[in-house]
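Descriptive structure summary
Letter by letter, the chains look like this.
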Amino acid sequence: MTPPLQSVSATGAVQAAAAPVAPAPPPAPASGRKAGEASGSLWWLSALSLAGFLGLWYAVVRFEIISHTLLASPGEVLTTFISKLTERAPDGATLGAHFKASLTLALTGYLSAVTVGVPLGLIMGWFRKADDIIKPIFEMIRPIPPIAWIPLAILWLGIGLPAKAFIIWLSAFVPSVINSYAGIKLTEPVLISVSRTFGASNWETFLRVGAPSALPMVFTGLRLSLSSAWMTLVAAELLAATEGLGYMIQMGRTLARPDVIIVGMLTIGCTGAAMAFLLEKLERKLAPWRRS
Amino acid sequence: MRSKPWMVWPLILLLAGVVFNAGCSSSKPTSSESAKEPVIGVSHQPCVHALPTYMAMQKGWDKAEGLKINYQFYASGPPQNEALASNKWEVGAEGAVPGMLAAIRYGAYIIAISNDESETNDLWVRPNSPILKVKGANPKYPDVYGSAATVKGKTILLTTASTGHYAVIATLKALGLNEQDVKLVHMEQSQAMAAFEAGQGDIVQLWAPFDYIGESKGWKKMSSGKRAGVVIPGVVLASKKAFEENPDKVAKWLKLYMKGIAEMKANPTDSAKLLGAYYKEHGLTLDDHALAQEFSLRPIFDTKEQLALFARKDGAPSQVEKWMSDLADFFVQQGRISPAEKDKFMKGNFMNDKILKMIGS
């Protein structure tokens, strides 16, 4: 690694590049007390919003604006949630077992998708030949809904975890490719020129300038892929399942139990949100210049 | 707006409630009925128990009876029940499981039996399956193939919480096995067929008309609900509102339905052709052999026979109540419904021959 390249490499280089285009950071609070007030006020508003939502949900069911046979009350959902922690009825497994099965499935599909999708998107965005070869096939596959692959997934991969993970892989793969592709395409031309002026090869420039500068968009792709993975879970568990949150929702539907359906939905929602939060933390650590 | 997010949720939910209720009320089946010709919302599936209604519409019996049928098609029981909860139909036919759940959750009444589908809730194996080497291992069930040794450890593709599941458990019981002795994998019927064809699983549970397609692929029937000693009826339902507030209209439709059943019994050949046309309209082509089996394997009951099935003798439960009680017991054992829900179902007079008596008298 030559000294000139070091000076434009990795974080330092991208920080320098990102600084002019990144939105200005919010003005620092004048004092710690003011900062506390600001964040406290936001927390209070969010809590009120949530309480308002729950209150209205309760009222809508309580006053039969929507019949209780169609929408379970918050209390009923909470009772079902607590009972499902230990009870297998009515869908054949505890909430913990459903959660474990779905998490395994979602993570298998998601991680394998981003492991392939992010490098592929970066390579397609940087190397013209790769783009020309892969893009037509990718563009053709991209609009196909993952659920449409189910019959073929059964034929190719059977009815176990690989087939279901494949359905999730398809849904998580597309956003990770597109965002990585767009991210690296937006690399500052000045940085590329500087890197090449200092003697870096195309591959070195790709690794040390292009890929790091694409990180914010890569993380956007990772978050979108994560949402897609969880959204496809129910469809994937349509394929064949005896456990899983998607299966639990389907059984809730079969048995006409809206409370079971909502517990499954909220568990998916909360898990997805928690994972997105962790991803955001990771992004702040790896791409701190994107804090806005 | 951004600084007051609590104002957003009430508006969204209120709007949702208004739109939802508007949707429900606009879809009420009687909203457009004229004074002369009452409209009745009728729900069916791609199944033989839709034929009497289809026949009535094709032959113009509905108009002659002074009834306009608002025909609704559902792929399976769960969406049919969701539509019932939204007050979209008043009468219809479905399987015993969704029928029972419609009674428990939405107060619907079982007003007749569409057919006995015990033989067409069945289990299939590939022709080279070792399960076929043994028949009648338990002398009480001489037509069931397989034995405890040949079935134990096998993977069964099935639609759980269904009448098919009921047939599977009955078969396992007949062979001296239980759910823990095999691997049960939940799949919808069409996917189970595709998976089984692709070499997945050792046994597949099907119901009509999927089982005829399985037979055409060379698969062999190893058991059925009937062979394993359980009765699986198809049920005819009326919504709580229609049954309690408009029994005359329900009776008018049931009269047409029973006329269709009488025609199916009297003239199965022509009825099979009409059934073929019905299936074709809904994207399913069955050959003549399969259509004939719809009549030979699924007993149907005329009004007199139905009244006998619903009749309680000396305070004892009726035949229909016994069948449905056995099914409810299975669901309680599976943890799908609670004992209290079973009690509500059995004691709530949900299996009710009031409408049958109105048309039978």
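Residues numbered from 1 in each chain as written. Chains lettered and ligands numbered in written order. Predicted model: local features only at pLDDT ≥ 70, side-chain atom pairs only at ≥ 80, totals over all residues.

Thoughts on the overall build of chain A
Along chain A, the regular secondary structure elements total 13 helices and 0 strands. Each helix and strand of chain A, placed in order from N terminus to C terminus, yields the pattern α-α-α-α-α-α-α-α-α-α-α-α-α. Taking all contacts inside chain A whose residues are at least 6 apart in sequence as the whole, residues at least 24 apart take part in 75%. (Helix = DSSP H or I, 4+ residues; strand = E, 2+ residues; numbered from the N terminus. Contact = placed C-beta atoms within 7 Å.)

A look at the overall build of chain B
On a plain count of helices and strands, chain B comes out with 17 helices and 10 strands. Along the longest, intermediate and shortest principal axes, the C-alpha atoms of chain B span 65 × 65 × 45 Å. In chain B, buried positions account for 48% of the 361 residues. Within chain B, counting contacts between residues at least 6 apart in sequence, those at least 24 apart form 76% of the total. (Buried ≥ 20, exposed ≤ 12 C-beta atoms within 10 Å, placed from the backbone.)

Details of the sheet that holds strand β8 (residues 203–207) of chain B
Strands in a sheet are paired, the pairing made by backbone hydrogen bonds, and the direction either parallel or antiparallel. Residue and element names in this part refer to chain B. Pairing within the open sheet is mixed, and its 5 strands lie in the order β7-β6-β8-β5-β9. A single partner strand is all that each edge strand has here, and the edge strands are β7 (183–186) and β9 (220–224). Direction aside, the axes of adjacent strands within the sheet are offset by 30 degrees on average. In this structure, strand β5 (residues 121–125) lies alongside β8, joined through 4 bridges in antiparallel fashion. (Pairing = 2+ DSSP bridges. Axes fitted to C-alpha atoms, helices over the stretch in contact; angles between N-to-C directions.)

A short note on the domain arrangement of chain B
Residues and elements named next belong to chain B. Domains assigned within chain B are domain 1 (37–117 + 233–360) and domain 2 (121–224). Here the C-alpha centre of domain 2 lies 27 Å away from the C-alpha centre of domain 1. Counting residues at the interface gives 14 residues for domain 1 and 10 residues for domain 2. For the side of domain 1 that touches domain 2, the elements supplying multiple residues, two or more each, are α5 (96–106), α13 (288–296) and α15 (319–333). For the side of domain 1 that touches domain 2, the element with the highest residue contribution is α13, accounting for 3 residues. Each residue belonging to the side of domain 1 that touches domain 2 can be placed in one class, and the counts come to 9 nonpolar, 2 polar and 3 charged. (Domains from an automatic or database assignment. Nonpolar A, V, L, I, M, F, W, Y, C, P; charged D, E, K, R; others polar.)

Some words on the interface of chain B and chain A
Taken residue by residue, the interface counts 28 residues in chain B and 32 residues in chain A. Looking at the side of chain B that touches chain A, the element that brings in the most residues is helix α1 (residues 8–26) of chain B, giving 6 residues. Grouping the amino acids of the side of chain B that touches chain A by side-chain chemistry returns 18 nonpolar, 7 polar and 3 charged.

Overview of the confidence of the model for chain B
Note: predicted coordinates in regions of low pLDDT should not be interpreted at a detailed level. Residue and element names in this part refer to chain B. Mean pLDDT over chain B works out to 91, with 90% of the residues at or above the 70 mark. Across residues 22–34, confidence stays below pLDDT 50; counting only partners more than four residues off in sequence or on other chains, it has 17 contacts. Model confidence for the complex is summarised by a pTM of 0.82, with the ipTM given as 0.80. (pLDDT = per-residue confidence, 0-100.)

Observations regarding unusual backbone geometry
For the peptide bond that leads from A89 of chain A to P90 of chain A, omega is 5 degrees, which places it in the cis range. Here the amide bond leading from A208 of chain B into P209 of chain B is cis, since omega sits at 5 degrees, within 30 degrees of zero. Mapped onto the elements of the fold, P209 of chain B is located in the loop between β8 and α9 (210–216). Located in the positive-phi region is A256 of chain A, a residue other than glycine, with phi close to 55 degrees. Its location among the elements puts A256 of chain A in the loop between α12 (245–254) and α13 (258–286). Residue classification places A256 of chain A among the buried positions, given that 22 C-beta atoms sit within 10 Å. Even without being a glycine, D314 of chain B presents a positive backbone phi close to 50 degrees. Checked against the element boundaries, D314 of chain B lands in the loop between α14 (303–310) and α15. Using a count of 4 C-beta atoms within 10 Å as the deciding quantity, one classes D314 of chain B as exposed.

Digging into the packing of helix α2 (residues 51–58) of chain B against helix α11 (residues 247–266) of chain B
The relative placement of two packed helices comes down to the angle between their axes together with the axis-to-axis distance. Residues and elements named next belong to chain B. With their axes 8 Å apart at the nearest point, α2 and α11 run at an angle of 100 degrees to one another. Judged by the angle between their axes, α2 and α11 are roughly perpendicular. Residues L51, P52, T53, M55 and A56 of α2 pack against L256, Y257, K259, G260, I261, E263 and M264 of α11. Tallied by class, the residues present in the contact of α2 with α11 amount to 8 nonpolar, 2 polar and 2 charged. (Parallel < 35°, antiparallel > 145°, perpendicular 65-115°, else oblique.)

Let's talk about the domain arrangement of chain A
Each domain of chain A was delimited in the assignment, giving domain 1 (30–71) and domain 2 (73–290). The centre of domain 1 of chain A, based on its C-alpha atoms, is set 29 Å off from the matching centre of domain 2 of chain A.

Observations regarding the sheet that holds strand β2 (residues 68–73) of chain B
All names here are of chain B. An order of β2-β1-β3-β10-β4 is seen for the 5 strands of this open sheet, with the pairing classed as mixed. Each end of this open sheet is capped by a strand with a single partner; those strands are β2 and β4 (109–116). Each neighbouring strand pair of the sheet contributes to a mean axis angle of 25 degrees, computed without reference to strand direction. Relative to strand β10 (residues 233–238), β4 runs antiparallel, the two sharing 6 bridges. When the bridges of β10 are listed, D116 appears paired with P233. Sitting on the sheet, α2 is in contact with β1 (39–44) and β2, with an inclination near 135 degrees to β2.

Let's talk about helix α10 (residues 202–231) of chain A
Residues and elements named next belong to chain A. An ideal rise of 1.5 Å per residue puts 44 Å on 30 residues; α10 reaches only 38 Å between its terminal C-alpha atoms. Its maximal kink placed at L215, α10 deviates by approximately 55 degrees, while the proline P216 follows within four residues. In terms of burial, α10 is largely enclosed, as 21 of its 30 residues are buried. (Expected span 1.5 Å × (residues − 1). Bend = angle between axes of the 7 residues up to and from the residue.)

With respect to the environment of T271 of chain A
Residues and elements named next belong to chain A. Along the polypeptide, T271 turns up in helix α13. Overall, the presence of 17 C-beta atoms within 10 Å leaves T271 in the partly exposed class. Sequence separation between T271 and G96 is 175 residues, and the spatial gap between their C-alpha atoms is 12 Å.

Re the nonpolar core
In this structure, I168 of chain A together with M100, I111, L237 and A238 of chain B are the most contacted members of the largest nonpolar core, which totals 170 residues. The element contributing the most residues to this core is helix α8 (residues 161–185) of chain A, with 14 residues. (Core = buried A, V, L, I, M, F, W, Y, C linked by C-beta atoms within 7 Å.)

Structural notes on helix α9 (residues 189–197) of chain A
Residues and elements named next belong to chain A. Looking at α9, one finds that the buried residues are L191, I192, V194 and S195. Along the long axis of α9, the arc covered by the buried residues comes to 160 degrees, so they all point the same way. Away from the buried face of α9 by more than 90 degrees, exposed residues P189, V190, S193 and T197 are located. Looking at the residues trailing α9, positive phi occurs at G199, about 95 degrees. (Arc of directions from axis to C-beta.)

Section: the packing of α15 of chain B against helix α16 (residues 339–347) of chain B
Residues and elements named next belong to chain B. Their axes nearest at 10 Å, the elements α15 and α16 cross at an angle of 170 degrees. As judged from the angle between their axes, α15 and α16 are roughly antiparallel. For the crossing formed where α15 meets α16, the hand is right-handed. Residue-level inspection shows E321, S325, A328 and V332 of α15 in contact with α16, the latter providing P339, K342, F345 and M346. (Left-handed = near helix turned anticlockwise from the far one by under 90°.)

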